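Letter by letter, the chains look like this.
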Amino acid sequence: MRTAYTSEAIRTAEAPLLADGVPLMRRAARAIAERAAAVVSERRAAGVNAEVLVLVGGGNNGGDGLWAAYELADFGLAPRVLLAHEHPHAEGLAAARGAGVKIDQLADVDDVAAYAGRFGIWLDALAGIGLSGPLSEPLAGLIDALAAERERAETFVLAVDCPSGLSDDPGASLAIRADETITFAALTPALLLPPACRLIGRVRVENLGIELVGAPAAIELGAVELRASFPRARHLDHKYTRGVVGIDAGSETYPGAGLLATRAALAAGPGMVRFLGEEGVARLIIPAMPEVVTAPGRIQAALIGSGTEGGPRIAAALADFLARDIPVVADAGALTCVSEAARDRGALILTPHLGELATLLGCERADVEADPVRYARQAAERFDAVVVAKGPETVIVEASEPIVTIPPASPYLATAGSGDVLAGVLAATLAQFAARAEAGETVPALSYQAGIAAQLHASAVAHCPSAPGPIRALDLAAGIALALGATMEP
Ligand SMILES: NC(=O)C1=CN([C@@H]2O[C@H](COP(=O)(O)OP(=O)(O)OC[C@H]3O[C@@H](n4cnc5c(N)ncnc54)[C@H](O)[C@@H]3O)[C@@H](O)[C@H]2O)[C@H](O)CC1
Ligand SMILES: [K+]
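Thresholds applied
Residues numbered from 1 in each chain as written. Chains lettered and ligands numbered in written order. Predicted model: local features only at pLDDT ≥ 70, side-chain atom pairs only at ≥ 80, totals over all residues. Heavy atoms only, no water. Helix = DSSP H or I, 4+ residues; strand = E, 2+ residues; numbered from the N terminus. Buried < 20%, exposed > 50% of the residue type's maximum accessible area, 1.4 Å probe, protein only. Pairing = 2+ DSSP bridges. Axes fitted to C-alpha atoms, helices over the stretch in contact; angles between N-to-C directions. Contact = heavy atoms within 4.5 Å. Donors = N, O, S within 2.8 Å, 3.2 Å for Na, K, Ca; no water. Tetrahedral: all angles 85-135°; square planar, octahedral: opposite > 155°, others 65-115°. UniProt positions renumbered as here; feature names shortened; annotations may be inferred.

**Looking at the environment of A267**
Stage number 1. Checked against the element boundaries, A267 lands in helix α9 (residues 255-267).
Stage number 2. A relative accessible area of 9% places A267 in the buried class.
Stage number 3. A267 sits 158 residues away from V425 along the chain, and the two C-alpha atoms are 7.7 Å apart.

Encoded structure:
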């Protein structure tokens, strides 16, 4: 599991070491210089420009850069430094100067692209976690010019602590895209969550001996957490301790969604799946999945809405599920029926794709795509719900819990029916956790449970017959069982 902490938490964690005189900056600079030296060798061997430019801002991030220039000079390399601030880190500047590093002072932002374009490798030490508020001039204009130049040239950008312009806000977009980022102590949310995380390249955390305590701001759940956390059948189980999930999905217009959600729910391993949707869809399900029960009865989690267009029947069925005080996944058509009012009810889990999230909140899709975390938070607050925002990345928000994401998944998941499969897996997963909670066991937060389900859904792609190419949602549903089985292998 990867975790991200706010810049404030990082500062709190590093403070005692800095107070004790631990040379954190020198350690950081050494890590940067060692990687930069390796890149120099790689680029020289490839016969491409391997000249190093260190871009230095006015804070300690710039200090890291200056000390890295000192280290590179000590390695016998000849980096150049561009000072983008009147008052750079004094000790680092003296050290770099003392090591014979050539140092230029930025005169005019308009010249920076031509100047920087002469170097094949940039160390981006303009700003780190010390950014406060939206980027202001002249740093904003400088970052904008360099960001454009790096896309034009074949520059290798190594970000020091973070691409300058990024820190805690995953919605930040004005930054110099990095090929690699070496960050110190811990990831910040912008390095783990979209869209900012798309700018960091390969990321490495150099802990520097700094210990982060307390709850992270964000977590990324992967195969390890899936293997460790997914509820599995045990010797004394019966179907109710395994978890029973109710599904009301599919419609005359979209019957397939009902089959996909139900098939996926079965594959995720609950004790029983009750299909409680339209009769026309049930008639298609039973021949294909005779183990599905269509009689009403006790359920421990529910899914409603996939493959439906909302309307009074869905609204009534949603209210009925919520009144049972169980976790209820509202997908697709059911999203048009959620209300802000309902509070004293079972847990509501919304699974909008980014377009549905925009509709839910009455805003533009482009705005949601530019900052999904922000809008998922808004929806979680407005509807008192867990929100599983489905986009190129998955972002799961629950009040008072770390934001949950999963590793980048196959773009082939963006196919018709994939959302129905996820909805089925999610509801079946929640039912199994709910059964464990009923038995008095401690279970993780709903957002964590949803992250586990999303990771199971993403990992199922690898078990599709057509993997790693385009997938069919029906294969994906079957792949769920294989993916789950793979987590049980010793
Ligand atoms: N985390 C660690 O363990 C270590 C961190 N180190 C490095 O220190 C920086 C944080 O340094 P800090 O001095 O707090 O600030 P920065 O250098 O990141 O940035 C300040 C720089 O940016 C300017 N600025 C601030 N806000 C804005 C704004 N909104 N618009 C424009 N410009 C802004 C400010 O004027 C300064 O010039 C951390 O990232 C690490 O790289 C330690 O050195 C090693 C251990
Ligand atoms: K930086």
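Following the structure, the description resumes.
**A few points about the sheet that holds strand β15 (residues 386-390)**
Stage number 1. Read across the sheet, 10 strands follow the order β1-β9-β17-β16-β15-β14-β13-β12-β10-β11 without closing on themselves; strand pairing throughout is mixed. Two strands in the sheet have a free side with no partner beyond their single neighbour: β1 (2-4) and β11 (272-275). On average, adjacent strands in this sheet sit at an angle of 20° to one another, irrespective of strand direction.
Stage number 2. Pairing of strand β12 (residues 301-304) with strand β13 (residues 328-330), which is carried by 3 bridges, proceeds in the parallel orientation. The partner of L303 across the bridge, within β13, is V329.
Stage number 3. Packed onto the sheet, helix α16 (residues 446-459) meets β9 (218-220), β15, β16 (394-397) and β17 (403-405) and runs at close to 160° relative to β16.

**Looking at the coordination of the potassium ion (ligand 2)**
Stage number 1. The protein atoms that coordinate the potassium ion (ligand 2) are N61 (OD1), D124 (O), A127 (O), V160 (O), C162 (O) and S164 (OG), at distances of 2.6 to 3.0 Å.
Stage number 2. Here the potassium ion (ligand 2) is ringed by 6 donor atoms whose angles at the metal span 68 to 177°, and the overall shape comes out irregular.
Stage number 3. Mapping the donors of the potassium ion (ligand 2) onto the primary sequence gives the spacing N-x62-D-x2-A-x32-V-x1-C-x1-S. A residue pair is termed long-range when its members are at least 10 positions apart, and D124 in strand β5 (residues 121-125) and S164 in the loop between β6 (156-160) and β7 (180-184) qualify at 40 residues. The burial state of D124 is the same as that of S164; both residues are buried.

**Let's talk about the UniProt feature "domain: YjeF N-terminal" (unreviewed entry) in the chain**
Stage number 1. UniProt records the feature "domain: YjeF N-terminal" (unreviewed entry) for residues 6-216 in the present numbering.
Stage number 2. Annotated as 39% helix and 16% strand, the span residues 6-216 places its first and last C-alpha atoms 8 Å apart.

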